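Now for the letters of each chain:
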Amino acid sequence: MSTRTTEPRARKRSFSLRTRVAAATALGATIVVAALGIFVSMAISRNNLAQLDRRLETASDVLVPNAATAGLFLGALGDEGAFAITIRSTTGDVLVSTPTRLPQLELGWSTAEVDDTKYRAFTAQVPVLGTYVSLAVPYSEAQDITSEQNRQVALVAVIAVTSATALGWLFGGRAVRPLVDLTHRISRRDPQLMPTASGAREADELAAAAESMLRDVSEAQTATNAALATARDFAAVSAHEIRTPLTAMRTDIEVLQAHELSPEQRSEILADLARSQGRVESTLSDLERLARGELSSDSDLVDCDLGEICDLVADDAKRTHPDIGVTIDAANLTLRGLPGGLRLTLGNAITNAVRHGGARTVHITLAPAGDGAVFTVDDDGNGVPESERTIVFERFQRGAHATKSGSGLGLALVAQQAALHGGRAYFTDSPLGGARLVVTLHENPGSLSTPRA
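Residues numbered from 1 in each chain as written. Predicted model: local features only at pLDDT ≥ 70, side-chain atom pairs only at ≥ 80, totals over all residues. Heavy atoms only, no water.

A. Quick peek at the overall build of the protein chain. Secondary structure assignment for the protein chain yields nine helices and twelve strands. Counting every position in the protein chain, which comprises 453 residues, the buried fraction comes to 36%. A sequence separation of at least 24 residues applies to 62% of the contacts in the protein chain between residues at least 6 apart. About 26900 Å² of surface is accessible on the protein chain, with carbon and sulfur atoms providing 55% of the total. (Helix = DSSP H or I, 4+ residues; strand = E, 2+ residues; numbered from the N terminus. Buried < 20%, exposed > 50% of the residue type's maximum accessible area, 1.4 Å probe, protein only. Contact = heavy atoms within 4.5 Å. Areas by Shrake-Rupley, 256 points an atom, 1.4 Å probe, with all protein chains shown as cover.)

Okay, here's the thing in structure tokens:
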């Protein structure tokens, strides 16, 4: 069995933006200078050839009218005068020539080669004699000057490209400095990435985008830390609230196992066990409802018929508590919200009034209020003391008249749902003699968020 090893992939070499700017400048300068160099070189070549032609044309203007006289001296002159001259008859025979004899050429400009040497020549006809005079100079005169000038152009091109590269490196550093500063600030997690305009639009746009991203990350981190702190606190309090009835249940079970009890004592302990078990079950159920409310999002919002929700809650209350009277005075209202949460709110209000307030009559009123609605739940029970009207909405907090079987989360659920719908819940005195629970709701609560109850 062979063992296959995977080598880490080689990291692709990267270059700084400043180096890239300098390289791009050098490449651009090279292309421009090369194009200009080719154009200049061609222009120099044409210009030098034109100058050579003008020399020949000027010499021809002097020589042709005096061809008969000048021919007497060509043999003695030789090639010292830098011109090669050949005079031919109309039949093409050479009459006189310098030591460098030119071939028979057509009238006008031409290029000839003599003894492997290239010449630029001009041929004209003598008006009176009819003879032909050919003048030529070595082509190398123009080529040498052109080559020297091309070398000078190439040197200037190299200097220009080198200077452009150096300037690209120098100014490229200044150009990318805002990005370098931005990188350093991001590395330091500086919340103010670009407090002043850098002068580079791309850098400013990148800074704004990065600043927005880091701000979102910071806010998300803050929210996460707050949520974790709330969750830890909530878990600790929940564990304590559940541990208390569980401890009582364990004590009752130990008593049942360790002692011989009379039927009356045994029944009393079993009843206490049932109460503790009901309390644990109620607490877990309410904790589940709280968690479900905290996980609600805007996509869960639907159009709710508030009057229909009142009817459903009243029917449920009559089945659960057949001995109480529930009446409704509801306007025809529709609100965008969480139907389950609204139904839970009214249900918990009635349960709290009956179980802890001892109410026998509950009256639900639904009325419009600005851009939303308001629920009012009146009962004829014991009421809520004014000193407890705020604390009872906190988690695991019970009023003075609360029964031991409660979880302490019923009114916390009411406060949570009111906050989810952009409103609040509070107690006042009821005209029925007990407590009045008021729950306000708003049409556009915005993004769902649950404040800690």
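B. Examining the pattern of salt bridges more closely. For the coordinates displayed, the defined rule picks out six salt bridges. Glu148 serves as the salt-bridge partner of Arg151, at 2.6 Å between the closest nitrogen and oxygen. Here Arg151 and its partner Glu148 are both found in helix α4 (residues 140–187), three residues apart, which amounts to about one turn of the helix. Judged by its relative accessible area of 51%, Arg151 falls in the exposed class. Its relative accessible area of 35% is what places Glu148 among the partly exposed residues. Between Asp316 and Arg343 there is a salt bridge whose closest N-O contact spans 2.6 Å. Of this pair, Asp316 sits in helix α7 (residues 306–320) while Arg343 sits in helix α8 (residues 339–355), and the two are 27 residues apart along the sequence. Residue classification places Asp316 among the partly exposed residues on the basis of a relative accessible area of 24%. With a relative accessible area of 34%, Arg343 lands in the partly exposed category. Beyond isolated ion pairs, a larger network of salt bridges with shared partners links Asp316, Arg319 and Arg343. (Salt bridge = Lys/Arg side-chain N within 4 Å of Asp/Glu carboxyl O.)

C. Summary view of helix α9 (residues 410–420). Across the eleven residues that make up α9, a large majority, ten, are buried. Every buried residue of α9 is accounted for by Leu411, Ala412, Leu413, Val414, Ala415, Gln416, Gln417, Ala418, Ala419 and Leu420.

D. Looking closely at the environment of Ile269. Secondary-structure assignment places Ile269 in helix α6 (residues 263–294). Judged by its relative accessible area of 13%, Ile269 falls in the buried class. Put simply, Ile269 and Asp252 are 17 residues apart on the chain and 6.1 Å apart in space, counted from C-alpha to C-alpha. With residues up to four places along the chain from it excluded, the contact list for Ile269 reads Asp252, Val255, Leu256 and Leu261.

E. Structural view of the sheet that holds strand β7 (residues 325–330). The five strands are arranged β7-β9-β10-β12-β11 in an open sheet whose pairing can be described as mixed. The open sheet has two edge strands with one neighbour each: β7 and β11 (425–429). Within the sheet, the average angular offset between the axes of one strand and its neighbour, ignoring direction, is 20°. With respect to the sheet, α8 is in contact with β9 (361–369), β10 (372–379), β11 and β12 (435–442), its orientation differing from that of β10 by roughly 20°. (Pairing = 2+ DSSP bridges. Axes fitted to C-alpha atoms, helices over the stretch in contact; angles between N-to-C directions.)

F. The arrangement of the environment of Arg343 in detail. As a C-alpha pair, Arg343 and Gln417 span 74 residues in sequence and 9.8 Å in three-dimensional space. Aside from chain neighbours lying at most four places away, what touches Arg343 is Ile309, Leu312, Val313 and Asp316.

G. Representation of the pairing of β12 in the model. As paired strands, β10 and β12 are joined by seven bridges and run antiparallel to one another. Considered in β12, the bridge of Asp378 is made with Arg436. Bridge analysis of β11 against β12 gives five bridges, and the strand direction is antiparallel. Looking at β12, one finds that Tyr426 is bridged to Val438. Where β11 folds back on β12, the antiparallel hairpin that results is connected by five residues, among which Gly433 adopts a positive phi of roughly 105°.

H. Representation of the packing of aromatic side chains in the model. Per the counting criterion, the structure on display carries two aromatic pairs. Here Trp109 and Phe122 contribute two aromatic rings whose centre-to-centre distance is 4.3 Å and whose plane-to-plane angle is 45°, an arrangement assigned as tilted. With Trp109 in strand β3 (residues 108–114) and Phe122 in strand β4 (residues 117–125), this residue pair connects regions lying 13 residues apart in the sequence. You can call Trp109 partly exposed: its relative accessible area is 36%. (Phe/Tyr/Trp six-rings, centres within 6.5 Å; stacked < 30°, edge-to-face > 60°.)

I. Looking closely at the confidence of the model for the protein chain. Looking at the protein chain as a whole, its pLDDT mean stands at 76, while 74% of the residues score no less than 70. When the criterion is pLDDT under 50, residues 446–453 qualifies, and its contacts beyond four places in sequence or with other chains add up to 21 contacts. (pLDDT = per-residue confidence, 0-100.)

J. Here's a closer look at the sheet that holds strand β1 (residues 84–88). In spatial order, the strands read β2-β1-β5-β4-β3; together these five strands make up an open sheet with antiparallel pairing. Bordering the open sheet on either side are β2 (94–97) and β3, each of which pairs with just one other strand. Averaged over all pairs of adjacent strands, the angle between strand axes in this sheet comes to 25°, irrespective of strand direction. Where β3 lies against β4, seven bridges are found, and the strand directions are antiparallel. Across the sheet, the residue bridging to Ser110 is Ala121, located in β4.

K. Highlighting the packing of α7 against α8. Orientation of α7 relative to α8, taken along the N-to-C sense of each, is 45°, at an axis distance of 9 Å. By the angle between their axes, α7 is oblique relative to α8. Helix-helix and strand crossings are classified by hand; for α7 and α8 the assignment is right-handed. Residues Leu306, Ile309, Cys310, Leu312, Val313, Asp316 and Ala317 of α7 form the contact with α8, whose participating residues are Pro339, Leu342, Arg343, Leu346, Gly347 and Ile350. Residue classes in the contact of α7 with α8 are distributed as ten nonpolar, one polar and two charged. (Parallel < 35°, antiparallel > 145°, perpendicular 65-115°, else oblique. Left-handed = near helix turned anticlockwise from the far one by under 90°. Nonpolar A, V, L, I, M, F, W, Y, C, P; charged D, E, K, R; others polar.)

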